[in-house]
Amino acid sequence: MGHKNHDWGVGKTPPVIRSHSLAKHRVLRGYLERYISVLTANPRLDQFRLTLVDGFAGGGIYLDARSKEERSGSPLIMLEAMDQAAEAAKASRLKPFHLDVQYIFVEKDAETIDYLRSVISKSKHAPLLADRIQLLQGEFTAKVPEITAFVKQRGRAERAIFVLDQFGYIDVPLPTIRNILATVDKAEVFMTFAVDFLIDYLSENEATQQTLAKIGITLPSKTIGTAKESRDWRRSIQLALHEQIRSQTAAKFYTPFFIRSEDSHRDFWLVHLSGHFRARDVMVGLHWKENRSFAHYGGSGLQMLGYDPKYDSDLTRQRMLPEFHFDQTARASSHEELLRQLPERIFPSKDGITFQSLFSSLTNECPVTAEIMKDVLNDLAKDGTIRVQDKQKLIIRRAGIRHDSDIILPNPQRRLFT
Ligand SMILES: C[S@@+](CC[C@H](N)C(=O)[O-])C[C@H]1O[C@@H](n2cnc3c(N)ncnc32)[C@H](O)[C@@H]1O
C-alpha cells in the first residue's frame, strides 16, 4: 500500500473525488459541527479551545466529476466546519463567544503541501495562515511528539481531534494512537483502515508477520491459518482485527464502521477512538443521521458490533444476523432488544448505577445513542422494571432519566417475576 492515488500540483486540475470519500467527508464535517455544538451547549461558556490535526492532509481540493464543481478536502472541511460551528454557537448566545481553534496540517509530499498552502491562501481562511494554521511537511508519525507537546502547552483542557486518513493500513501504527490517547487527555482519533486490502494480503509467512509488527498488530501465523480454514474466514479475521485495534490503542471507546468502496469493491473502516463517552455519543449520533452510506455489521441490541472475540466460535449466529442500517427499522429493533437486555445488566447493581456509567459500560457493544438508551430506560421506568432517582437519591423520576448523573435501580419486586 502507501501508493499515491491522488495527485495535487500547482497549476494542475485537482483529482476527482470518489463517492466513498464524499461519504467520509460528510461524516467528518457533521461530526465537527455536532462536536462543537454539544460541547458548547452551555450558554454561559464564552470560549472553547480545540486543536484540529489533519495527519494526512492532501491538497485541500477535489473535482466532482459529475457536477464539475470543486469539493473541499479534509483540511478545508475542518476550516469550514469551525466557521459554521462558531456561527451557530454565537447565534445561541447574547454575549460574545470565541472559538479558539489551532490547525495543524501534516502532509508528506512537498508538491501537495504547496498546493494546499496556495488553496488556503486563495480562500477566505487566508488570514489564519499567519498564526492559526501550521503546515508541516513530513511523515505524520515523526511529527507526533511536536504536535502533542503543542496541544498540551495550549492549556489544561487538551482537546484535540486527529484525523488520520491514510491510504492503506500501514502509515498509522497502533502504538502511535495509543501514545496520542495516553499523552493528550481529551484526544480523539479518526482513522481510516483499508481492512479488505490487509485481509487479502495476509498469509502464513514471515513477510506478513513483519508487516503486522509495523502496524502493531499481533496475529500469529497459526491464527491466520486456522481462520482461513473457516467458511467465513474474512469475518473471523475482521473480528480479530477489531479486537487488536481496540486493545493495541487502549481506547476506552471504539466505534468501527465500514465504508464500501464502489470502484474497488473493498471495504475500509472509519474508526473513531476516544476516551470520553460524550465523544462516542456524538459519533454514533452521526451514523444514525448518515444512514445512506454507512452500515454496520451484526444485529441490533447489545453485543452487536461483532468485534468481541468470544463470537469467534459462534460465527454461524453472526451470519444469520441481518445487516444493521441506521434507519427506522434499526431504531425500532434496537429499542426492542434493549428493552429485553438492559434489565439483565441493571439487576446485578443492587445499589444502583448512574446513567453515565451504564451508558459508558455498554456503548462499545451497541451503536445506540444516549438518547435512544434513555428512551428505553424511560419505558422500563414507566412499566416498573426499574426505578430512577436523582444523584442524591431524594427524588424519584417516574418519567425516566433527566440527567446523566441520575441513578438507575432495579425494582426488587419485579425481580421476583422476571
Ligand atoms: C487519502 S489522501 C488524504 C486526503 C485528505 N485527508 C482528504 O480527505 O482530503 C492521503 C495524503 O496523505 C499523504 N501521505 C501519505 N503518507 C503520509 C504520511 N506517512 N504522513 C503524512 N502524509 C502522508 C499523501 O501524500 C496524500 O496526500
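Procedures and definitions
Residues numbered from 1 in each chain as written. Predicted model: local features only at pLDDT ≥ 70, side-chain atom pairs only at ≥ 80, totals over all residues. Heavy atoms only, no water. Helix = DSSP H or I, 4+ residues; strand = E, 2+ residues; numbered from the N terminus. Buried < 20%, exposed > 50% of the residue type's maximum accessible area, 1.4 Å probe, protein only. Contact = heavy atoms within 4.5 Å. Areas by Shrake-Rupley, 256 points an atom, 1.4 Å probe, with all protein chains shown as cover. Phe/Tyr/Trp six-rings, centres within 6.5 Å; stacked < 30°, edge-to-face > 60°. Near = heavy atom within 4 Å. Polar contact = N/O pair within 3.5 Å; in protein donor to acceptor, adjacent residues only side chain to side chain. Nonpolar A, V, L, I, M, F, W, Y, C, P; charged D, E, K, R; others polar. Core = buried A, V, L, I, M, F, W, Y, C linked by side-chain atoms within 4.5 Å. pLDDT = per-residue confidence, 0-100. Salt bridge = Lys/Arg side-chain N within 4 Å of Asp/Glu carboxyl O. Axes fitted to C-alpha atoms, helices over the stretch in contact; angles between N-to-C directions. Left-handed = near helix turned anticlockwise from the far one by under 90°. Pairing = 2+ DSSP bridges. Expected span 1.5 Å × (residues − 1).

K.L.:
What should I look at first to understand the overall build of the chain in this one?
P.N.:
The helix and strand tally for the chain stands at 15 helices and 14 strands. The 418 residues of the chain split such that 54% are buried. Look at the contacts in the chain between residues 6 or more apart in sequence, and 72% of them connect residues 24 or more apart. As displayed, the chain offers around 19200 Å² of accessible surface, 50% of which is attributable to carbon and sulfur atoms.

K.L.:
Looking at this model, I keep getting lost on the packing of aromatic side chains. Mind explaining?
P.N.:
Aromatic rings in a pair are described by how distant their centres are and how their planes are angled relative to each other. Counted under the stated rule, the structure contains eleven aromatic pairs. Ring plane angle 70° and centroid distance 6.4 Å describe the contact between Tyr35 and Phe48, whose orientation is recorded as edge-to-face. Taken as a pair, Tyr35 in helix H1 (residues 19-39) and Phe48 in strand S1 (residues 47-54) lie far apart in primary sequence, 13 residues in all. As far as the burial class goes, Tyr35 and Phe48 line up, both buried. Aromatic rings pair up to connect Tyr31, Tyr35, Phe48 and Phe190 into one cluster.

K.L.:
It is not clear to me how the site of the ligand should be interpreted in this structure. Could you clarify?
P.N.:
Taken together, 20 residues surround the ligand, and among them His25, Phe56, Ser74, Glu107 and Asp165 come closest. One nitrogen or oxygen atom from the main chain of Phe56 is found 2.9 Å from a nitrogen atom belonging to the ligand. In isolation the ligand has 600 Å² of accessible area, and contact with the protein removes 95% of it. Class assignment for the residues of the shell around the ligand results in six nonpolar, eight polar and six charged.

K.L.:
Hey, could you run me through the side chain of Glu158 in this one?
P.N.:
Considering the arrangement of structural elements, one finds Glu158 in the loop between helix H4 (140-153) and strand S6 (159-164). At 2.7 Å, the side chain of Glu158 and the backbone nitrogen of Asp185 are in polar contact. Beyond its immediate chain neighbours, meaning those up to four positions away, Glu158 contacts Val151, Lys152, Thr183, Val184, Asp185, Lys186 and Ala187.

K.L.:
It is not clear to me how the nonpolar core should be interpreted in this structure. Could you clarify?
P.N.:
Inside soluble globular proteins, nonpolar side chains tend to come together where they are buried. Counting residues in each nonpolar core, the largest one holds 46 residues, and the members touching the most others are Tyr31, Met82 and Phe105. Core analysis: the next-biggest nonpolar cluster, separate from the first, contains 45 residues, Phe150, Tyr169, Leu181 and Val195 among them.

K.L.:
What is the right way to read the confidence of the model for the chain from this model?
P.N.:
Close inspection of predicted coordinates is inappropriate for parts of the model with low pLDDT. Looking at the chain as a whole, its pLDDT mean stands at 86, while 87% of the residues score no less than 70. Low pLDDT, under 50, characterises residues 301-322; the predicted model gives this stretch 60 contacts beyond four residues in sequence or across chains.

K.L.:
I tried to follow unusual backbone geometry on my own but got confused; where do I start?
P.N.:
Peptide bonds are mostly trans, and most non-glycine residues show a negative phi. In this structure, Glu158 takes a positive phi of about 50° despite not being glycine. Among the residues examined, Glu158 registers a relative accessible area of 13% and is labelled buried. Unlike most non-glycine residues, Lys393 shows phi in positive territory, near 60°. Of note, Lys393 is situated in the loop between strand S13 (386-389) and strand S14 (407-410).

K.L.:
Help me out: how do you make sense of the pattern of salt bridges in this one?
P.N.:
Opposite charge on two side chains lets them pair, provided their charged atoms get close. For the coordinates displayed, the defined rule picks out 20 salt bridges. One salt bridge connects Asp114 with Arg117, and the closest N-O pair in it is separated by 3.2 Å. On the criterion of helical spacing, the pair formed by Asp114 and Arg117 is a turn pair, its members being three residues apart in helix H3 (residues 110-121). Note that Asp406 is salt-bridged to Arg397, the shortest N-O span being 2.7 Å. Arg397 shares its class with Asp406; the two are buried. Linked through salt bridges whose partners overlap, the residues forming this network are Arg49, Asp100, Arg132 and Arg154.

K.L.:
I'm lost on the packing of helix H13 (residues 355-362) against helix H14 (residues 370-382) in this one. Help?
P.N.:
Between two packed helices, both the angle of their axes relative to each other and the distance between the axes serve to describe the pair. Running from amino to carboxyl end, H13 crosses H14 at an angle of 120°, the nearest separation of the two axes being 11 Å. Relative to H14, the crossing made by H13 is right-handed. Facing Phe355, Leu358, Phe359 and Leu362 of H13, the residues of H14 in contact are Ala370, Met373, Lys374 and Leu377. Tallied by class, residues from the contact of H13 with H14 come to seven nonpolar, no polar and one charged.

K.L.:
What's the story with the pairing of S1 in this structure? I'm lost.
P.N.:
Of all eight residues that make up S1, six are buried, and the element is covered over most of its length. Alignment of S1 against strand S4 (residues 98-107), held across eight bridges, turns out to be parallel. Considered in S4, the bridge of Asp54 is made with Phe105. In this structure, S1 lies alongside S6, joined through four bridges in parallel fashion. Looking at the pairing, Leu52 lines up with Ile161 of S6.

K.L.:
Looking at this model, I keep getting lost on helix H10 (residues 277-289). Mind explaining?
P.N.:
Three- or four-residue spacings in an α-helix give side chains the same orientation, since the helix completes a turn every 3.6 residues. For H10, which comprises 13 residues, the first-to-last C-alpha distance of 19 Å matches the rise-based estimate of 18 Å (1.5 Å per residue) to within 8%. The buried fraction of H10 amounts to eleven of the 13 residues, a majority that puts the element mostly inside the structure. For H10, every residue scored as buried is listed here: Phe277, Ala279, Arg280, Asp281, Val282, Met283, Val284, Gly285, Leu286, His287 and Trp288.

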